[in-house]
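Topology and contacts: notes
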Amino acid sequence: MSFSIEQFSATRRLVLQGAGTVVLMSLGNLVAPPALAAANDNYPEEAFKQKADKDAIQALYGRTAEASDKVKLDAPEIAENGAVVPIAVTTTLENVTSISFLVSGNPNALAASYAIPSGTLPSVSNRLKMQQTSNVIAIVEAGGKLYSATKEVKVTVGGCGG
Amino acid sequence: MASTIRVRAIANGDTTEVQALIQHPMDSGFVKDAQGQLIPAHFIQQLTFEHNGKGVFIADWGPAVAKDPYVKFAFKGAAKGDELKISWVDNKGASDSTRAKIQ
Amino acid sequence: MRGRFVPALFLALISAALAAGVIVQAATAGETPNPAADAKAFRDFYVKKFPNVKLEDFVNGPYSLNEDMRRQWQEKEEFPPYEFALESGKEMFATPFKNGKTYADCFENGGIGVRQNFPYFDVKQGEVVTLELALNRCRAANGEAPLSYVKDDMASLTAYMAYTSRGKPFDIRIPDDPRALAAYENGKRYFYTRRGQLNFSCASCHVQSPGERLRAEILAPALGILNAMPIYRSEWAGMGTISRRFITCNSQTRAVPEEAQSENYRDLEYFLSYVSNGLPISGPGARP
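A few points on the structure. Every value quoted in this text rests on a predicted model; they were computed, and no experiment measured them.

A tally of helices and strands in chain B yields zero helices and seven strands. Dimensions of chain B, computed from C-alpha atoms along their principal axes, come out at roughly 55 × 20 × 20 Å. If you take every contact in chain B between residues at least 6 apart in sequence, the share linking residues at least 24 apart comes to 51%.

Once that is clear, we can look at the overall build of chain A. If you tally the helices and strands in chain A, you get two helices and eight strands. Listed N to C, the secondary structure of chain A is α-α-β-β-β-β-β-β-β-β in terms of helices and strands. For chain A, buried positions account for 46% of its 162 residues. Within chain A, contacts between residues separated by at least 24 positions form 57% of all contacts whose residues are at least 6 apart in sequence.

Pairing is mixed in the open sheet, where nine strands are placed in the order E1(A)-E8(A)-E7(A)-E4(A)-E5(A)-E4(B)-E3(B)-E6(B)-E7(B). Where the open sheet ends on each side, the last strands, each with one partner, are strand E1 (66-67) of chain A together with strand E7 (95-101) of chain B.

Taking strand neighbours across the sheet as the criterion, the six strands line up as E2(A)-E3(A)-E6(A)-E5(B)-E2(B)-E1(B) in an open arrangement whose pairing is antiparallel. Among the strands making up the open sheet, the edge pair consists of strand E2 (71-74) of chain A together with strand E1 (5-12) of chain B. Sheet twist, expressed as the mean angle between neighbouring strand axes with direction ignored, is 15 degrees. Pairing of strand E3 (residues 85-91) of chain A with strand E6 (residues 123-128) of chain A involves six bridges; the strand directions are antiparallel. Looking at E6 of chain A, one finds that isoleucine 87 of chain A is bridged to asparagine 126 of chain A.

Moving on to the interface of chain B and chain A. The parts lose accessible area when they come together, and the size of an interface is often stated as this lost area. The interface is formed by 31 residues belonging to chain B together with 35 residues belonging to chain A. Going through the elements one at a time, strand E3 (44-51), strand E4 (54-61) and strand E5 (70-76) of chain B are the ones with two or more residues in the side of chain B that touches chain A. For the side of chain B that touches chain A, the element with the most residues is E4 of chain B, which contributes eight residues. In terms of residue class, the side of chain B that touches chain A is built from 16 nonpolar, nine polar and six charged.

Residues and elements named next belong to chain B. Along E3, eight of the eight residues are buried, which leaves the element largely enclosed by surrounding structure. Summarising the sheet, E3 and strand E6 (residues 83-90) pair through seven bridges and their orientation is antiparallel. Looking at the pairing, glutamine 46 lines up with valine 89 of E6. With six bridges connecting them, E3 and E4 associate as antiparallel partners. For phenylalanine 49, the partnering residue across the bridge sits in E4 and is phenylalanine 57.

Let us now look at the pairing of E7 of chain B. Residue and element names in this part refer to chain B. Pairing analysis gives seven bridges linking E6 to E7, with the strands arranged antiparallel. Note on E7: the bridge partner recorded for serine 87 is serine 97. Count of turn residues in the E6/E7 antiparallel hairpin: four residues, of which glycine 93 carries a positive phi of about 90 degrees.

Between chain C and chain A, the residue contacts involve 17 residues of the former and 14 residues of the latter. When residues of the side of chain C that touches chain A are traced back to their parent elements, those giving at least two are helix H3 (67-78) and strand E3 (213-214) of chain C. With six residues, the top contributor of residues to the side of chain C that touches chain A is H3 of chain C. Here the side of chain C that touches chain A is built from residues that sort into six nonpolar, three polar and eight charged.

With that out of the way, let us pick up the environment of valine 275 of chain C. All names here are of chain C. For valine 275, the position within the fold is in the loop between helix H10 (263-274) and strand E7 (285-287). Expressed as a C-alpha distance, the spacing of valine 275 and lysine 49, which sit 226 residues apart in the sequence, is 16 Å. Once residues lying within four places of it in the same chain are set aside, the contact partners of valine 275 are Asp38, Ala39 and Phe42.

Here the focus is the packing of helix H7 (residues 178-192) of chain C against H10 of chain C. Angle between the axes and distance between the axes are the two parameters that describe a pair of packed helices. All names here are of chain C. The N-to-C vectors of H7 and H10 enclose an angle of 95 degrees; their axes lie 7 Å apart at closest approach. The orientation of H7 relative to H10 falls into the category roughly perpendicular. In this structure, H7 contributes Ala183, Tyr184, Asn186, Gly187, Lys188, Tyr190 and Phe191 to the contact, and H10 contributes Asn264, Asp267, Leu268, Tyr270, Phe271, Leu272 and Tyr274.

Before going further, it helps to examine the environment of proline 44 of chain A. By the element assignment, proline 44 of chain A lies in the segment before helix H1 (45-49). Accessibility expressed as a C-beta count within 10 Å gives 21 for proline 44 of chain A, which makes it buried. The sequence separation of proline 44 of chain A and serine 148 of chain A amounts to 104 residues, and the corresponding C-alpha distance is 19 Å. Residues in contact with proline 44 of chain A, not counting those within four places in the same chain, are Ala59, Leu60 and Ser113 of chain A together with Asp60 of chain B.

With that out of the way, let us pick up the environment of serine 68 of chain A. Of note, serine 68 of chain A is situated in the loop between E1 and E2. Residue serine 68 of chain A is classed as partly exposed on the basis of its 17 C-beta neighbours within 10 Å.

Moving on to H3 of chain C. Between the first and last C-alpha of H3 of chain C there are 17 Å, a value that for twelve residues agrees with the 16 Å anticipated at 1.5 Å per step. Contacts from the buried residues of H3 of chain C go to E3 of chain A together with strand E4 (217-218) and E7 of chain C.

The next thing to look at is the nonpolar core. With 69 residues, the main nonpolar core has Ile99, Ala111, Tyr114, Leu128 and Ala138 of chain A together with Val65 of chain B as its most contacted residues. Broken down by element, this core gets its largest block of residues, six residues, from strand E7 (residues 134-142) of chain A. When residues no more than four places from it in sequence are discounted, the contact partners of alanine 138 of chain A are Val71, Leu73, Val89, Ile99, Phe101, Ser148 and Ala149 of chain A. Counting 68 residues, the second-largest nonpolar core is a separate cluster that includes Leu157, Met229, Ile242 and Tyr265 of chain C.

Each α-helix winds once per 3.6 residues, and so residues spaced three or four apart point in a common direction. Residue and element names in this part refer to chain C. With twelve residues, helix H6 (residues 152-163) extends 16 Å between its outermost C-alpha atoms, agreeing within 8% with the 16 Å of an ideal straight helix rising 1.5 Å per residue. For H6, a buried count of nine out of twelve residues is recorded, marking the element as mostly surrounded by other parts of the structure. Along H6, the residues classified as buried are Met154, Ala155, Ser156, Leu157, Thr158, Ala159, Tyr160, Met161 and Ala162. Looking at the buried positions of H6, the neighbouring elements they touch are helix H4 (83-94), helix H5 (131-141) and strand E6 (238-240).

Looking now at unusual backbone geometry. Residues and elements named next belong to chain C. The peptide bond linking methionine 229 to proline 230 adopts the cis configuration, its omega dihedral lying at -5 degrees. Topologically, proline 230 is positioned in the loop between E4 and strand E5 (231-233). Going from glycine 283 to proline 284, the amide bond is cis rather than trans, its omega being -5 degrees. Notably, asparagine 109 is not glycine yet its phi reads approximately 55 degrees, a positive angle. With respect to the element layout, asparagine 109 can be found in the loop between H4 and strand E1 (120-122). Positive phi values are uncommon outside glycine, yet glutamine 261 reaches one of about 65 degrees. Examined against the element boundaries, glutamine 261 turns out to sit in the loop between helix H9 (242-252) and H10.

Rules behind the numbers
- Residues numbered from 1 in each chain as written.
- Chains lettered and ligands numbered in written order.
- Predicted model: local features only at pLDDT ≥ 70, side-chain atom pairs only at ≥ 80, totals over all residues.
- Helix = DSSP H or I, 4+ residues; strand = E, 2+ residues; numbered from the N terminus.
- Contact = placed C-beta atoms within 7 Å.
- Buried ≥ 20, exposed ≤ 12 C-beta atoms within 10 Å, placed from the backbone.
- Pairing = 2+ DSSP bridges.
- Axes fitted to C-alpha atoms, helices over the stretch in contact; angles between N-to-C directions.
- Nonpolar A, V, L, I, M, F, W, Y, C, P; charged D, E, K, R; others polar.
- Parallel < 35°, antiparallel > 145°, perpendicular 65-115°, else oblique.
- Expected span 1.5 Å × (residues − 1).
- Core = buried A, V, L, I, M, F, W, Y, C linked by C-beta atoms within 7 Å.

What follows is the structure, given as structure tokens:
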């Protein structure tokens, strides 16, 4: 079994190979012990509780993001239905370690956060809920810095529904 | 009981593309039922994909992820015939996991 | 574009109605019904209205008419929301009844690849038989309780049967029987008749305004409108059958809905399916 040496920022948890439940948070090189986070280990509870996107980003990463055209956010102009909005992000940035999605107009801005271990492509597609027309923000953590892309997605009540 | 997890993992050279669809209500806790009672929050919090015991993609989800959630990503270093392990845990402590062969 | 769509559309519909832009079928009062001519006129109307849409693409409803919506739909079709209902339907279809028989025993070809033949006119019973009706009759004949017509198990079963017919063109027959013709004509009449508080007919939206917005939704053309059934609607966060859509559409246009599988609804399905003959079954489908 080969070990992989990961380098993550202080605020992101590590997921390493092996068996076990230890989760480490540190800078610098690490030798791999165990495993997969135990249930809900290091789930960013505080970040998910934040209302504003800036606060959620701060809670998750401990810093602010700068807009970058190297982050490509794919989201519709008008959501077909706010309950299921397909949103994807990809980037040409290197050494990506984390990708997150926020919806500014939701009661709690943070929707999803993904750990991108070395060897995984910096590209994620998912489907999110949007309560109302608002900005969708994609955050990419690369080389220890934060980059973002923002797009407004319109959400209205369907005409043939309620 | 059948697994709640449906996976498609396809190897294209050194890159494996993975799509997963999971059967889960992902209730946000903000919605009321027909009687006007709040339906309690019930959503997957962590979803993990492992290859050869190594985590290749880990999702931390909140209730704003859509019902019957879908996710797609890709990673290198696997080959056709390899096994992928997928597992999730929700806010009620329930979990499910499955294994899928890379096509 | 932001704004108030409803009043604008309302005015548009009223003036369009007055301008009588509706396609008038070959048969008017007193003339001999000619379903084949109706179907051709129906098809020609939409092809002319949307020259850039391929005929078989009409079965994709609003997605054939709006690029932004289409992309969202295509993303969802990669791993569609009806996946679970489809699997469940396949399993249900194969599970024997208490008496040991299966659904396959009630249908020709074991029920595989037959969805495009429904509804048909049963000359013995003198009525239109839809797939849902046939499934519940199959259950009754084998001592099983009927399923709700609108969702859940019925939607799962019809999802599976539609799936086995994907790509096959609608092949609805009107036998040489005055009652069959009468049922077809009744369905057509229902389609074009205004009803309810909003005084809309099916045609008001699906003939006069396909491709246009009703608030955030894009209206689907009536041509091919049943081909994707049953559907997973984001609005329902679940599956629904043709019955469910007829009922909810009546409610939403503030008309009194009928009972699922009422004579009018079955005749309406007969008419709509017939005029879409030749277009491929695409079900199960996903819609907003």
